[in-house]
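Tertiary structure, described
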Amino acid sequence: MFSLSFLKNAVTKPLWSRPLLTTAVLKIESTPDQPILEVREITKDRTQTIPVETSIRYLKSAAFRKTYEGQPVWVLYRRNHKGAIPPKKTRKTCIRGGRISTGNPCPICRDEYLVLHEENTELLKHFICPHTGSILSYNKTGVCQKKHKELIVAIKRAYDKGLITYDVPFREYDYSEYYSQIVNLHSITKVLTDFDIKEVTTNEFSTKHSNVTVVHDTLLHIDDEEYFIKTKGDLKIKYKYLCLCVGAEPKLIPQANEFPEILGIRDTDSVESFVEKVKHSKKLLVVGNGGIASELVYKIQNAEVHWVIKDRHIAATFVDPGAAEFFQPSLQGKQPCEPPVSKRMRYQEEEFCKSGAALGPDWYKNLILSGANSQAPSSVTVHYQSEVCSVKKVEDSECPLEVVLTNGEKIRCNLVVSATGVNPRKNFTTKNQFDRSEDGGIKVDQYMRTNLHDVYCAGDICTADWPLAKHWFQMKLWTQARQMGCYAAKSMVGRMNEEEVLQDFCFEMFAHSTRLFGYKVILLGLFNGQKLGTNYEILLRMTKGQEYIKFVLEDNKLQGAVLIGDTDLEEMAENLILNQIDLSPYGDDILNPDIDIEDYFD
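A quick note: this is a predicted structure, and the numbers were derived from the prediction, not measured.

1. Section: the overall build of the protein chain
- Counting its secondary structure elements, the protein chain contains twelve helices and 31 strands.
- Here the protein chain holds 602 residues, and the buried ones make up 46% of them.
- Sequence-distant contacts in the protein chain: of pairs separated by 6 or more residues, those separated by 24 or more amount to 60%.
- Entry remark: accessible area of the protein chain is about 32500 Å², with carbon and sulfur atoms responsible for 49%.

Put into structure tokens, the structure is as follows:
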């Protein structure tokens, strides 16, 4: 018999370094924080079966924690092999004839209290990759072939019984290191393009474009005389040509500063905040009548939505009353949104920070906007020709906000979303002042140049200040921001190389592709009669639930078009607008569904 202190050292000494001992069996009594554990002799004999319950208690003991130092049981194990390169496979088995047959048994065989069983989940998790949920290879763990097969069976049984799931920690990303990249770009027509937005790391971008250095910082000041900028991080960066693409910020209703329940949506940061808050809301109020407001109202499920607009019809930024009437059935009979298809394992998401990157097209496509009122059907109430007059807190109410409209209506809600447009950013200073338009945008000429020498602008921060083509006008849209950015880059390179740069063809005609209320929407030229006054006529064709087509004509020539649904008329309409073909010989047959009008213009 050995002393108790010697037995204690034998149990707690690391298994890969202590000798195989033959000792008596000792019973350790339980303490308030330790389970009862029977410590058996350490021998080469493996004929006696250890109950799985004993193994489970062993993994909770202080002896186990001290022996393995809080790491997986295989981490400190080292294989013995000849030469520097280990064999591809571990040994077939460590136990033969009921006894350990090697001086360096594998991590499972060396410790008889490590019992592979589907209920012993804490042990099984030592052999599961925490990032993918897959079983670790025996080349990594050093487990012998026999025990590895038993391990696979035990883990798969645990998965089948739901004792272990595929939950893995969600990786926290710093989204300030990401930027939105356009992918899958293809031309629908000569001036109309379609594309997707992909988030890629700036490191990946810099690797691909070695001439680009990405700096994560905020612009504070521009010295247009000494040609340098200062940042919030106290950096001083000199430049030869400078292009500002800082975009715009949401134009919120006046009450937004007083109530945290009033949100603005413009970038990825605001979207993340909105998605989280809408989960706990039963009643929402959406203010605004543009693209973002229309998309939100259509997408939100399991909540009562009140839509406040100052116009006579919905989606007035893009469409006329006829198209709004076409959209009404989709608004009232919204289909339940199916979760986005994901071929990844299930993850547990933790809080993480997003940057304020601008929203791209179809920004809501992979979002699930579901409120807290799952028992009641979703509903949308539109309040026409109204604006928010006042907002106040209501105590002891399920809906803490009371919103009063200009028409006198009072609406109780949990959340208010302000989607009433944007203002160009002005959160930086300059040595000399920019020339600005009435809406606060920086004026740019036909080369995207500002009044400050060698300073260019593109996107929502600027306002076109050149003689515009008849069929083009500026709107704060992703498509135009991209076109302006590309053209500004060409202009700066042309200036540097002293080459003449011609204005891009995209500025000849307005063209925009989007989705509203589940329908494909294409807007071409003067689609709502912009710039035409009252001297124009409209041709309409509508098939309920399928398509809505509007042609705007002046002097029998097509000036603009609205194409909703899969019409396949965008290329023909674009050519008619650009070429200004006289359509008087065709009359009303131009939209006759029984005539393939494209045959006339091949």
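2. A few points about the sheet that holds strand 29 (residues 537–543)
- Here we have five strands laid out as an open sheet, ordered 27-28-31-30-29, and antiparallel in their pairing. Two strands bound the open sheet, and with one partner strand each, they are strand 27 (511–516) and strand 29. Pairs of neighbouring strands in the sheet enclose a mean axial angle of 15°, with direction left out of account.
- Bridge analysis of strand 29 against strand 30 (residues 547–554) gives seven bridges, and the strand direction is antiparallel. From the neighbouring strand, T543 faces strand 30, where its bridge partner is E547.
- Where helix 12 (residues 570–579) meets the sheet, its contacts fall on strand 28 (519–525), strand 30 and strand 31 (557–564), and the angle it forms with strand 31 comes to roughly 160°.

3. Things to note about the environment of G441
- Structurally, G441 can be placed in the loop between strand 23 (429–430) and strand 24 (442–444).
- Along the chain, G441 and K426 lie 15 residues apart, while their C-alpha atoms are 9.1 Å from each other.

4. Section: the nonpolar core
- With 77 residues, the main nonpolar core has L244, F274, W307, I314, F327, M448 and I564 as its most contacted residues.
- The leading source of residues in this core is helix 10 (residues 321–332), at five residues.
- Residues in contact with I314, not counting those within four places in the same chain, are N289, W307, I309, V319, A324, F327, Q328, L331, V382, Y384 and F517.
- Judged by nonpolar contacts, the second largest core, of 29 residues, contains C109, C144, L151 and A154.

The rules we used
- Residues numbered from 1 in each chain as written.
- Predicted model: local features only at pLDDT ≥ 70, side-chain atom pairs only at ≥ 80, totals over all residues.
- Heavy atoms only, no water.
- Helix = DSSP H or I, 4+ residues; strand = E, 2+ residues; numbered from the N terminus.
- Buried < 20%, exposed > 50% of the residue type's maximum accessible area, 1.4 Å probe, protein only.
- Contact = heavy atoms within 4.5 Å.
- Areas by Shrake-Rupley, 256 points an atom, 1.4 Å probe, with all protein chains shown as cover.
- Pairing = 2+ DSSP bridges.
- Axes fitted to C-alpha atoms, helices over the stretch in contact; angles between N-to-C directions.
- Core = buried A, V, L, I, M, F, W, Y, C linked by side-chain atoms within 4.5 Å.

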